[in-house]
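Listed below, chain by chain, are the residues.
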Amino acid sequence: MSSFFSVAGTDLTTDRLVLRSWTPGEAGAVLHGPRSAHWAEDFPAEGDHVIAGLFAEHPAWLGEYGHRQIIERDGGLVVGSIGLFWPPADGTLEIGYGIVASRRGRGYAPEATRALTEFALGAPGVHTVCAGVELSNPASIRVLEKAGFERSHTDAEANTARYVTTSPAQR
């Protein structure tokens, strides 16, 4: 993976996106309102509600290597979220992501996934980033493949696959 993003404070910036850490206020607004003017019309999606509801149990997810909102640089609208399930287990972090329906098909998910993965692989003690995906979700599989992940395991019984990418030193 090449360095195509920049880090400013805790924000990660790509060509078209800013990945900004969630704040407790944003999480509260997702859970209880009011709607923010800087959210895409269909944000938050169901997954955003789930993640926001788990921050109290997993405070590290609000840290530097945790979850982030995906924001369009042009216009500043929040169009999804992406996150690392911190802390790592044996040098491995899991990543998850979601883009609202109105912004899908623009390549935002692979762009955000590449940036956060590269950032994660620079974290102390992290050498692998992984993601689980349902085989019935070909769009998510394409996101991972476009972001440089490779399938490492398929569980036909559970209809899932695991995708991984490693730091260059591990390859």
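Predicted model, so just to flag it, every value in this text is computed and none were measured. Residues take numbers from 1 onward in each chain, read along the sequence in its written order. Since the coordinates come from a predicted model, pLDDT governs what is reported: local features require at least 70, and pairs of side-chain atoms require 80 or more to be given and counted, while whole-chain, interface and lining totals use all residues. The side-chain values count all of the structure's non-hydrogen atoms but skip hydrogen atoms and water molecules.

Looking now at the confidence of the model for the protein chain. Scored by pLDDT, the protein chain comes out at a mean of 92, with 93% of its residues at no less than 70. Confidence drops under a pLDDT of 50 for residues 1–7, and excluding neighbours within four residues, the segment shows 25 contacts in the predicted structure. Scored from 0 to 100, pLDDT reflects the predictor's confidence in each residue. Whether two residues touch is decided by their heavy atoms; if any such pair falls within 4.5 Å, the residues are in contact.

What follows concerns the pairing of strand β8 (residues 150–155). Whether two strands pair depends on DSSP finding at least two bridges between them. Only DSSP runs of H or I covering at least 4 residues are called helices, and only runs of E covering at least 2 are called strands; the numbering of each starts at the N terminus. Two elements, β8 and strand β9 (residues 160–166), share five bridges in a ladder whose sense is antiparallel. By the bridge assignment for β9, aspartate 155 is matched with threonine 160. Taking the residues that link successive antiparallel strands as the turn, the β8-β9 hairpin has four residues, and the phi of asparagine 159 there is positive, at about 60 degrees.

Classification of residues uses two cut-offs on accessible area relative to the type maximum, computed with a 1.4 Å probe and protein chains only: under 20% is buried, over 50% is exposed, and between them is partly exposed. Counted residue by residue, strand β4 (residues 67–72) has six buried out of six residues, so it is predominantly covered. Judged by which residues are buried, β4 turns out to be covered on both faces: His67, Gln69 and Ile71 on one side and Arg68, Ile70 and Glu72 on the other are all buried. One ladder, built from five bridges, connects strand β3 (residues 17–21) with β4; its direction is antiparallel. Its bridge partner lying in β4, serine 21 is registered against arginine 68. The sheet contact formed by β4 and strand β5 (residues 78–84) spans five bridges and is antiparallel. Looking at β5, one finds that isoleucine 70 is bridged to glycine 80. Where β4 folds back on β5, the antiparallel hairpin that results is connected by five residues, among which glycine 75 adopts a positive phi of roughly 100 degrees.

Time to look at the packing of aromatic side chains. Side-chain rings of Phe, Tyr and Trp (the six-membered ring for Trp) are treated as a pair once their centres are within 6.5 Å; stacked means planes under 30 degrees apart, edge-to-face means over 60, and tilted covers the remaining angles. Going through the model one piece at a time under the given rule, you end up with six aromatic pairs. For the pair tryptophan 61 and phenylalanine 85, a centre-to-centre distance of 5.0 Å together with 80 degrees between the ring planes defines the contact as edge-to-face. Of this pair, tryptophan 61 sits in the loop between α2 (46–54) and β4 while phenylalanine 85 sits in the loop between β5 and β6 (92–99), and the two are 24 residues apart along the sequence. Using a relative accessible area of 7% as the deciding quantity, one classes tryptophan 61 as buried. Of the residues examined, phenylalanine 85 reaches a relative accessible area of 25% and is grouped as partly exposed. Arranged with centres 4.9 Å apart and planes meeting at 15 degrees, the rings of tyrosine 65 and tryptophan 86 form a pair that is stacked. Placement of tyrosine 65 in the loop between α2 and β4 and of tryptophan 86 in the loop between β5 and β6 is noted, with a sequence separation of 21 residues between them.

Any Lys or Arg side-chain nitrogen found within 4 Å of a carboxyl oxygen on Asp or Glu counts as a salt bridge. Evaluated as defined, the whole model comprises four salt bridges. Glutamate 72 is the partner of arginine 103 in a salt bridge, and the nearest nitrogen-oxygen pair spans 2.8 Å. One end of the pair, arginine 103, is in the loop between β6 and α3 (108–120); the other, glutamate 72, is in strand β4, with 31 residues separating them in the sequence. Assigned by exposure class, arginine 103 and glutamate 72 land together as buried. Among the ionic pairs, glutamate 72 bridges to arginine 106, the shortest N-O distance being 3.6 Å. Of the two residues, glutamate 72 sits in strand β4 while arginine 106 sits in the loop between β6 and α3, which places them 34 residues apart along the sequence. Residue glutamate 72 is classed as buried on the basis of its relative accessible area, which comes to 7%.

Turning our eyes to something else, we now look at unusual backbone geometry. Most of the time, phi is negative for any residue but glycine, and the peptide bond is trans. Of note, the bond from phenylalanine 43 into proline 44 is cis; its omega dihedral lies within 30 degrees of zero at 5 degrees. Examined against the element boundaries, proline 44 turns out to sit in the loop between α1 (24–32) and α2. Even without being glycine, aspartate 90 reaches a positive phi, approximately 55 degrees. Even without being glycine, asparagine 159 reaches a positive phi, approximately 60 degrees. Mapped onto the elements, asparagine 159 comes out in the loop between β8 and β9. Here asparagine 159 falls in the partly exposed class, since its relative accessible area comes to 34%.

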